[in-house]
Amino acid sequence: VDNPDTLRELFDGEYVPLVRLATLITGDVAVAEDVVQEAFARALARWKRIEHYDKPGAWVRRVVIRLAVRTRGKRAREMHAPVPDTGVADPAQPDPDLLTALDGLPPNKRAAVVLFYLEGFSTEEVAEALDVPASTARSHLHRARAELARRLSLAEMVPDGN
Amino acid sequence: MATDLDPNDPIGERLRSLSEPAVAPSPDNAWDGVQRHRRTRQTRNRVTALGAVAVVLVVAVAAFAVTQSGDGSDHVQVVTPSTIAPTAEPVDPPIYDVLPVAKTAQLAIKNSAAPIKAGTEVHIELTQSPHKVGDTINTNARVCFPWADGETCDPSVEVSWVEGDSNGTTTYRLTMPGWVRTAAGLRSCEEIGCRIAMQADDGTRIATPVLDIESGPAPAEPASLVSAGADGVVRVVMDGLDADESWKRYAAAVDKESLSAGWTGICALGDSIECDSIVRAPEPVLDGQRHAVDIQTNRLLHTPEGWIDCVEVTCAIVISLTVGVTWNSQSSGSYAEIATIVPYRLPADTPPMTPPTMTVTPTENLHDKDVVTVTIRDLPGNVDPIKWRELGGIGQCAAEDLRMIRDCTFATQKTFTELPDNGLRVEYPVRACYNARPCYLSLQAGGNGYPELARSETFTVLP
């Protein structure tokens, strides 16, 4: 929904995909819903400005991504331990090892992986979404990929020396 | 070894095989959640000030603990009762924000006949018409009373949600206080006229009628003001303040506590407490004994409500306790509870104070990654720059509305130099300003909700 008449229209169209995206980054549906609602609350507060943007939905999505990364990091710090990923315990998930490996990544690297592999972002778009230089985004992706490969025992993808 | 990034590599394939997280279709209550977040943002500073204080002070305590050893006794001296002399206060001393008078509507006491004895648990019922209250669970219901030409509330009394029914009626629970904490100290509800009030979604304050309360004798406050001097030193006597039992059990069970038993905040006092972000008062000594403590405050407090002048309005020393502590081998949980509020105002002859300033050199012919010298001056004398810099930060911000999500970006400064006048100097690598538009540097402290401490002049950095 690129040109919604109202924020509510944008919300109705984007809520579910944004919660899915935030869930992949935070590992928790309830936290993801909270993140998306907070992003829309921020949009509501400045809607008179945002509604004139070319793609208000893109603005909200970037806020969701950054809030999701920050929230996951904050939860990890508060717990003094990695955040348990609710998806890991879900027997309906087809690849619990992958979820466990994903859960072991730091928030920004996990977000980079989600955006690059699942959302189809380019490395430049990942950089923009995470508010980091493109070189940092590429570094996040390389390291995350190496870490995932190591945890998943994908020998052909583990860089030399690991 | 694969080095090129390919979204279709084996990891990408496995990731795409994940089933999508189960998400309920966009329900109306999700939109209600948006409205709740919006209201929370609007009223966060007033309604949940204690939580914000706890977060800020936890950071402060952590920083403090690094450099403090022992029990903080350097800051404490025992005084005799004869030195305690309450300071006279005028009726209804000024506070930073007086609320409008609430409309008597929609809230009623259900389970207790008048008069209500102090200490009675009462149930309060909220109906939804004519002023809708969307977020009934995260209530902002408080015990309020007349103040100046409006109203204010006791920030230390909590009203708890009990249940909501299908008719839209919500029930809350409150242990009725007989006395409320005000800018003039404890006041009897019988005398002042207390009622339960809250804010509806349209901004209207709604309330019960003034309640007929048997206040009973005044409770013993565990802290009191001795003096507040023009030098900013506030002397408080604490008597009988003890750590919560749950914290004591926690402290006995762990080798090294990472959780403080309590905090001291220097705050502006109104219907909420708004605490200073840049000065850290010493931790309270929570041993149940009698202590006097001198707290070096500043005339101006940097709060979420902006700079607040403790000569013009009432400020307070707020002592919170860590309660409800639970823990396991990896983490601990707890929440904070206000134990006492000690109002004070600094005398009229307190020297003026200016907020900190920040200058940047040079401000011309700058290019991406050039290093500028940032000088921060007029930090209050009681701010330890080393501790402060762990809490604050410098960001480079767009001076114009560029329709960007984040107007500021932050860098980690590692080369702070302390100046003889308590200032700070740091070498800061500036980045190209977006579209060569003007930028400025912003000095931050206190975290979310706090305004910037200072900003530099504007400059432009070319790519």
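Quick note: structure is the one above.
In what follows, the accompanying structure is described. (Residues numbered from 1 in each chain as written. Chains lettered and ligands numbered in written order. Predicted model: local features only at pLDDT ≥ 70, side-chain atom pairs only at ≥ 80, totals over all residues. Heavy atoms only, no water.)

## What about the overall build of chain A?
Working step 1: From N to C terminus, chain A includes eight helices and zero strands.
Working step 2: Counting from the amino terminus, helix and strand elements in chain A follow one another as α-α-α-α-α-α-α-α. (Helix = DSSP H or I, 4+ residues; strand = E, 2+ residues; numbered from the N terminus.)

## What to know about the sheet that holds strand β28 (residues 408–411) of chain B
Residue and element names in this part refer to chain B.
Working step 1: Reading across from one edge, β28-β27-β31-β32 is the order of the four strands in this open sheet, with antiparallel pairing throughout. Two strands bound the open sheet, and with one partner strand each, they are β28 and β32 (454–455).
Working step 2: The pairing of strand β27 (residues 393–398) with β28 spans four bridges and is classified as antiparallel. Bridging from a neighbouring strand, I394 pairs with A411 of β28. (Pairing = 2+ DSSP bridges.)

## Thoughts on unusual backbone geometry
Residue and element names in this part refer to chain B.
Working step 1: Look at the link from S129 to P130: it is a cis peptide, with omega at 5°.
Working step 2: Take P130: it is sitting in the loop between β5 (121–126) and β6 (142–147).
Working step 3: Of the consecutive residues T361 and P362, the connecting peptide bond is found in the cis state with omega at -10°.
Working step 4: Along the chain, P362 falls in the loop between β24 (357–361) and β25 (366–367).
Working step 5: With phi around 55°, N365 is a residue other than glycine that occupies positive phi space.
Working step 6: Of note, N365 is situated in the loop between β24 and β25.

## A few points about the state of the cysteines
All names here are of chain B.
Working step 1: On inspection of all chains with the given rule, the structure shows five disulfides over all chains.
Working step 2: Two residues, C189 and C194, share a disulfide whose sulfurs are 2.0 Å apart. Handedness here is read from the sign of the S-S torsion; for C189 and C194, about -85°, the answer is left-handed.
Working step 3: Here C310 pairs with C315 through a disulfide, and the sulfurs are 2.0 Å apart. The disulfide joining C310 to C315 has a torsion of about -90° about its S-S bond and is therefore left-handed. The same class applies to C310 as to C315, namely buried. (Disulfide = S-S within 2.5 Å. Buried < 20%, exposed > 50% of the residue type's maximum accessible area, 1.4 Å probe, protein only.)

## Quick word on the pattern of salt bridges
Working step 1: Within this structure, the stated rule accounts for 23 salt bridges over all chains.
Working step 2: Note that E128 of chain A and R62 of chain A form a salt bridge whose closest N and O atoms lie 3.6 Å from each other. Placement of E128 of chain A in helix α7 (residues 123–130) and of R62 of chain A in helix α4 (residues 56–79) is noted, with a sequence separation of 66 residues between them.
Working step 3: For E128 of chain A, a relative accessible area of 41% gives the class partly exposed.
Working step 4: A salt bridge links R299 of chain B to D309 of chain B; the shortest N-O distance between them is 3.0 Å. One end of the pair, R299 of chain B, is in the loop between β19 (290–296) and β20 (300–303); the other, D309 of chain B, is in strand β21 (residues 306–309), and 10 residues separate them in sequence. (Salt bridge = Lys/Arg side-chain N within 4 Å of Asp/Glu carboxyl O.)

## With respect to α7 of chain A
Working step 1: Three or more residues of α7 of chain A are buried, namely T123, V126, A127, A129 and L130 of chain A. End-on, the buried residues of α7 of chain A take up no more than an arc of 165°, which puts them together on one face. (Arc of directions from axis to C-beta.)

## A few points about the packing of aromatic side chains
Working step 1: Inspection of the entire model under this criterion finds five aromatic pairs over all chains.
Working step 2: Geometrically, the ring pair formed by F11 of chain A and W31 of chain B is edge-to-face, given 4.9 Å between the ring centres and 65° between the ring planes. Taken together, the positions of F11 of chain A in helix α1 (residues 7–26) and W31 of chain B in helix α2 (residues 28–47) put the pair across two chains.
Working step 3: Here F11 of chain A falls in the buried class, since its relative accessible area comes to 0%.
Working step 4: Taken together, a centroid distance of 5.1 Å and an interplanar angle of 80° make the contact between F116 of chain A and Y117 of chain A edge-to-face. Both residues of the pair, F116 of chain A and Y117 of chain A, belong to the buried class.
Working step 5: Put simply, the rings of F11, Y15 and F40 of chain A together with W31 of chain B pair up and form one aromatic cluster. (Phe/Tyr/Trp six-rings, centres within 6.5 Å; stacked < 30°, edge-to-face > 60°.)

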